[in-house]
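# An overview of the molecular structure
One letter stands for each residue in the lines below.
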Protein chains: 4
Amino acid sequence: MHRVGIVGATGIVGQQFIVALDKHPWFQVAALAASERSAGKSYGEALRDPKTGAVRWYCDEPPPAWALAMPVVEAAKLDASSLGLVFSAVESDQARELEPVYAKTTPVISTASAFRYEEDVPIIIPGVNNAHAALLERQRRNRGWKGFITAQPNCTTIGMAITLKPLHERFGVTSVIMTSMQALSGAGRSPGVLGLDILDNVIPFISGEEEKVQKETLKILGGLRNGGIAPADIAVSCTCTRVNVREGHTETVFLSTAKPCDAFAAAKAMSEYDGGLHELELPSAPEHLIVVRDDPFRPQPRLDRDTEGGMATVVGRLRRDNVLPNGLKYVLLSHNTKMGAAKGAVLAAELLAKTGYL
Amino acid sequence: MHRVGIVGATGIVGQQFIVALDKHPWFQVAALAASERSAGKSYGEALRDPKTGAVRWYCDEPPPAWALAMPVVEAAKLDASSLGLVFSAVESDQARELEPVYAKTTPVISTASAFRYEEDVPIIIPGVNNAHAALLERQRRNRGWKGFITAQPNCTTIGMAITLKPLHERFGVTSVIMTSMQALSGAGRSPGVLGLDILDNVIPFISGEEEKVQKETLKILGGLRNGGIAPADIAVSCTCTRVNVREGHTETVFLSTAKPCDAFAAAKAMSEYDGGLHELELPSAPEHLIVVRDDPFRPQPRLDRDTEGGMATVVGRLRRDNVLPNGLKYVLLSHNTKMGAAKGAVLAAELLAKTGYL
Amino acid sequence: MHRVGIVGATGIVGQQFIVALDKHPWFQVAALAASERSAGKSYGEALRDPKTGAVRWYCDEPPPAWALAMPVVEAAKLDASSLGLVFSAVESDQARELEPVYAKTTPVISTASAFRYEEDVPIIIPGVNNAHAALLERQRRNRGWKGFITAQPNCTTIGMAITLKPLHERFGVTSVIMTSMQALSGAGRSPGVLGLDILDNVIPFISGEEEKVQKETLKILGGLRNGGIAPADIAVSCTCTRVNVREGHTETVFLSTAKPCDAFAAAKAMSEYDGGLHELELPSAPEHLIVVRDDPFRPQPRLDRDTEGGMATVVGRLRRDNVLPNGLKYVLLSHNTKMGAAKGAVLAAELLAKTGYL
Amino acid sequence: MHRVGIVGATGIVGQQFIVALDKHPWFQVAALAASERSAGKSYGEALRDPKTGAVRWYCDEPPPAWALAMPVVEAAKLDASSLGLVFSAVESDQARELEPVYAKTTPVISTASAFRYEEDVPIIIPGVNNAHAALLERQRRNRGWKGFITAQPNCTTIGMAITLKPLHERFGVTSVIMTSMQALSGAGRSPGVLGLDILDNVIPFISGEEEKVQKETLKILGGLRNGGIAPADIAVSCTCTRVNVREGHTETVFLSTAKPCDAFAAAKAMSEYDGGLHELELPSAPEHLIVVRDDPFRPQPRLDRDTEGGMATVVGRLRRDNVLPNGLKYVLLSHNTKMGAAKGAVLAAELLAKTGYL
């Protein structure tokens, strides 16, 4: 059993970590950290709204009893050295301060974007780029840390990167044009998207999102070279929008490959893609990383987001595109708060545990 | 005053024609036609649900008194020869039977797709391809009709075609990749989209829509040659989806031009584009065919669909695309039941009236 | 094992019966019946849309393999005598014809309203009025049937009747004023509620609903007398509305009791109410018929509808009302397509099986 | 022309005041006041988000040019003595500090609840209780002010009070049971209701709302006695909920009258009710205070909220109630951000101007 801590434990992503780690066979939650305001309280008390007394818990699953009783420590005072792993679910500005302190002694898996673009920090998606974990050695040497920081991808990147991987491996993806229709939960709660603003509406812009997706995709699909990651040679262009959906990011993808690839071959490559996951027997891994559906009306966020516990990316409408060279197009659906957040981070932790990085 | 008839007058598009023609300075509604079931009733009676007695009227504007009192004739028995113009708002299968009969004596402007793809039937968007009206002469000769049939574009095509026109004229559009997020009203009411199916959801497929947009765009932007239309040499690829929005189709567009064109030049070309509309002084024409906004959060369907009475196409997020050669990308919003349906057809009728085709 | 048939098996409620009966310990589905159109096909084939080939399956759970392979027989030709029980999920007009034929030989549990108001047909809610099953003997005698027909309540009645029961038992409910905010699924799919009509909206009328709730509540809470049911002496008044919620009917209840009853006593009575269910050990019974919450922001349909598998009624905001004598008010939430439809009917069947009526 | 100021001018209600006062025949906006942060800027600048530069303007109508150019002064430093009237659109805690200062010299009409329940502060709804303005004399004497404070009712109270008035006048309303289904705009934007929380949902509690409605209704319908207001002798009980509607509060009302009153008489009393408004010729007054519809599917918020510019209360489903003595029930719809906010306050100002209080 690895003793793990959750930093930012009272926030939504922190709560999702608690659910994802409940009864986990390899990880035991040994510390919960949050802001000074929550420190010294039990987790159950810390969740209470000071004004109304209502418990602010946002997962569908109820909070486990063990969590409610645990004490919350201040994130700045967390003794990471007593832990085997820290899951960090804080905002980027706090991540920038806290995570390097923890990493001196302890591995950190972060959902924040603070270190995601630094050259010695990998963005690991199990099954897609397991080998990138090797970068952590370099990071340790570079920074003189016993631990390390590894970053989770943006919730809009992850589904697209997973679906591109088998195509890139076999056919060489050269360019990608993507339009996202993102769920409300991706915007969180502070401040989040007002009901007033999204009812009967589409919002055609999400600040910073397109740049993140473009940069991360190249890094995730890049190759290890000279101890670093050489970004994949793919041109990526996105328009990211918000729609009135609670969970599940839908994305339309148009892409070009170096070698000819018809829709049938693409469907086969995606459906069969495993990336070594089965062999690793990670507890949170989906049975299929990618589920390809031939019903043209799928995937739909409400019907398909929970496929394989929200850990599979569902693809549909796979067909030829007549604009790009060797063009293909499809629609994908990825669960932004399951594979795209805490559960995805726990899966990454399982990979690191299994491959000896913890 | 041109005496006009509306066929399919009791349906939603027919109702929108009545609103669009209320107090029209050039057109006077002289006949309303519908199915046999409605024939012989007053229009007001024909709108009543036989079971509940409720009036089935679906426009925001109330039904004008003159319309409620008018008799409804059976579409198959309408004497089109007494009319100067017929607006046809029936489904395609009925259009295929009825419209050629009317066209023997009388011009027909149809919102159905029945004849839209025939080579002597133009799809006219005033300001975009006024010259295509010349095809009507050929159609008359070909078919031996005194009248003619002209078709309105699909509601998903029209906004894109309008925004492509100024770019095509100045820079030569060579390819277009588009994702639509279409409103519920585009699916009509028979059967339409159930609330159950679209709540908290996106539906990634609209049967036949992508093919229509691809084919129509080339025809609309094509040139007159040897008395026919040579389709524009543009590769168009789309993914059409349905979102939980009442009115207003949002589309993300990525395109390539032959000549270099930066976002500033594109914005200028779009904003200034007039296509000769001002000079024609058509009563239903918007002041600006295209409104370009620089607020990155616009256009939004709820906020922008009624721009210039729903007759302007609103463009935002205009910027470079790094995937396509001389790439540009933007988001557009077009009101699918105003410019994209009856009001757009009335505008086309105005063009034909002004240019001597009626 | 009781061999059961499902009539109307291809419709939504029929599909829900298949899910509710999958792996049921007491009931085995031995026949599926539907319209002539589906007869002779396998159930899987019968679900396919003849035009698009898409499978029309509307439950969250996938269709069980055993069901897809079963043959569908025509409802009018179903040999009910070979079955121990028929679940009828057809519309009322068909129910009126089909159910009496089945009942000649076989018990019928119907979700239709066709026979719900006949004086020898009970509306049984397990835990609320188990004794009403005695009426079935009289029905058999009256009608000369070996079987019988028993009716499920309307989905808007059931949650209110369940919550009123413990209060009526202890304090004597004398009057009830209720406003419902009903989910879209309650309107079904033929034609159902259009997305266009309910987006950004409330519809303040559901035809026939208020009368049903008023009549059924009195019958369910009535007492057996002289072999019949004497309606409860309660004045009930409702306004039923439709809101943009997928599943789960929310109802605000204001009521008056004969004996004084404060909110605390009411909460206790509701929370502890069991109606003999535990002792009966029915497989589909919830652990608690009524779950009372003290968080004033609950119940909410999205958060609470699946409480105890959708079989519990969730009550919140229980407090004094200052208008009615001994007034109380609360908000309740009942899952209209679980307890309020097929799963509720299966629970009723379990009660009848356990108490010797099958 | 009365020179008026708007305090809280940059907030949503402040913006609605600007729209409501644009081209007003009697009032000219002479000062805009807001927080210290906005002071010294032009109004147009003050609306800009300091981070994104986007203009935060939330009305459907565009901001008038005169407003954008006006300087914004700090609310605490506003020289009210130079104004004939102050419209106050600040939150209650600020209202408590600022309004008494302005009232020393100048009449104040406030949308805040700060002084709404004080015994010398009237809540005036033109047409309902014009005579309550007499209380302002007493307030001036009591407090030694040249000006006064008058309060607008809560947006949930106003529609109900208007519809009760003609019934109370003719038949004597004795008790009222109301359930509200309130729009998102009623919760404002700070923090407002998240899309995540209201999608596919109903929230059964709005903190403090029920108490406000109950208290205000009695005050508004009360009579002047001994220079004060004697609350009406009506028992009022409410459950207030939030639904996924943008604008327009829907309320189901069940009521009892002292004298018998059938639905027809009630409809007549409501439809004909004028309260002296026509004679006063107030520019913002609706043609009909109450519009009664007999289509049982109305009122619906999306279809009916803008009736008479959002200034009429629309009533439907008027019928007998069988629970309360001389019981009646109906559904009403009131536009919470038109009659229920700034436009309603402007109407009240018009009444005060016409009757000599300004």
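Residues numbered from 1 in each chain as written. Chains lettered and ligands numbered in written order. Predicted model: local features only at pLDDT ≥ 70, side-chain atom pairs only at ≥ 80, totals over all residues.

## Comments concerning the interface of chain A and chain B
As a reminder of what qualifies: Placing a C-beta atom from the backbone of each residue, one calls two residues in contact when those atoms lie within 7 Å. Secondary structure elements are defined from DSSP: runs of H or I of at least 4 residues count as helices, runs of E of at least 2 residues count as strands, and each element is numbered from the N terminus. When residue character is reported, Ala, Val, Leu, Ile, Met, Phe, Trp, Tyr, Cys and Pro are called nonpolar, Asp, Glu, Lys and Arg charged, and the others, Gly included, polar.
Counting residues at the interface gives 33 residues for chain A and 33 residues for chain B. Looking at the side of chain A that touches chain B, the elements that each hand over two or more residues are β7 (173-182), β10 (235-242), β11 (249-257), α11 (301-304), β13 (313-320) and β14 (327-334) of chain A. Top contributing element to the side of chain A that touches chain B by residue count: β7 of chain A, with 4 residues. Of the residues assigned to the side of chain A that touches chain B, the class counts are 16 nonpolar, 11 polar and 6 charged.

## Here we look at the environment of Ala 46 of chain C
All names here are of chain C. As a reminder, the rule being used: Whether a residue is buried, exposed or partly exposed is read from the other C-beta atoms within 10 Å of its own C-beta, which are placed from the backbone; 20 or more gives buried, 12 or fewer gives exposed, and intermediate counts give partly exposed.
By secondary structure assignment, the location of Ala 46 is in helix α2 (residues 43-46). Judged by the 21 C-beta atoms lying within 10 Å of it, Ala 46 is buried. Taking the C-alpha atoms as reference, Ala 46 lies 35 Å from Glu 216; in sequence the two are 170 residues apart. Contacts of Ala 46, omitting those with residues within four sequence positions, involve Thr 10, Ala 34, Ser 38, Lys 41 and Val 72.

## Some details on the interface of chain A and chain D
In this assembly, 14 residues from chain A lie in contact with 14 residues from chain D. Of the residues belonging to the side of chain A that touches chain D, the class tally is 7 nonpolar, 4 polar and 3 charged.

## Notes on the relation of the copies chain A and chain B
Cut-off, in case you're wondering: Here the copies were fitted onto each other by least squares, based on C-alpha atoms from residues at pLDDT of at least 70 in both.
Once chain A has been moved 0.0 Å along the axis and rotated by 180 degrees, it coincides with chain B to within an RMSD of 0.0 Å. Taken together, these values place the two copies in the relation of a two-fold axis. A high fraction, 100%, of the interface residues of chain A reappear at the interface in chain B, so the copies pair face to face through one surface.

## Here's the deal with the domain arrangement of chain A
Residue and element names in this part refer to chain A. To keep things clear, this is the line we draw: Note that the domain bounds reflect an automated or database-derived domain assignment.
For chain A, the domain assignment lists domain 1 (2-154 + 342-354) and domain 2 (157-334). Contacts between the two partners involve 29 residues from domain 1 and, on the opposite side, 29 residues from domain 2. Within the residue set of the side of domain 1 that touches domain 2, elements represented by two or more residues are α5 (135-143) and α12 (342-354). The class makeup of the residues in the side of domain 1 that touches domain 2 is 15 nonpolar, 8 polar and 6 charged.

## Focus on the sheet that holds strand β13 (residues 313-320) of chain D
Residue and element names in this part refer to chain D. Put simply, the rule is: Two strands are said to pair when DSSP picks up at least two bridges between them. Helix axes are fitted only over the stretch in contact, all axes being lines through C-alpha atoms; the angle between N-to-C directions runs from 0 to 180 degrees.
Read across the open sheet, the 6 strands follow the order β10-β7-β11-β14-β13-β12; overall the sheet is mixed. One side of each edge strand has no neighbouring strand; the edge strands of this open sheet are β10 (235-242) and β12 (290-292). On average, each strand axis in the sheet is tilted by 20 degrees relative to the strand beside it, whichever way the strands run. Pairing of strand β7 (residues 173-182) with strand β11 (residues 249-257), which is carried by 8 bridges, proceeds in the antiparallel orientation. Along β11, the bridge assignment pairs Met 178 with Val 253. Where helix α9 (residues 263-272) meets the sheet, it contacts β12, β13 and β14 (327-334), and its direction lies at approximately 165 degrees from that of β13.

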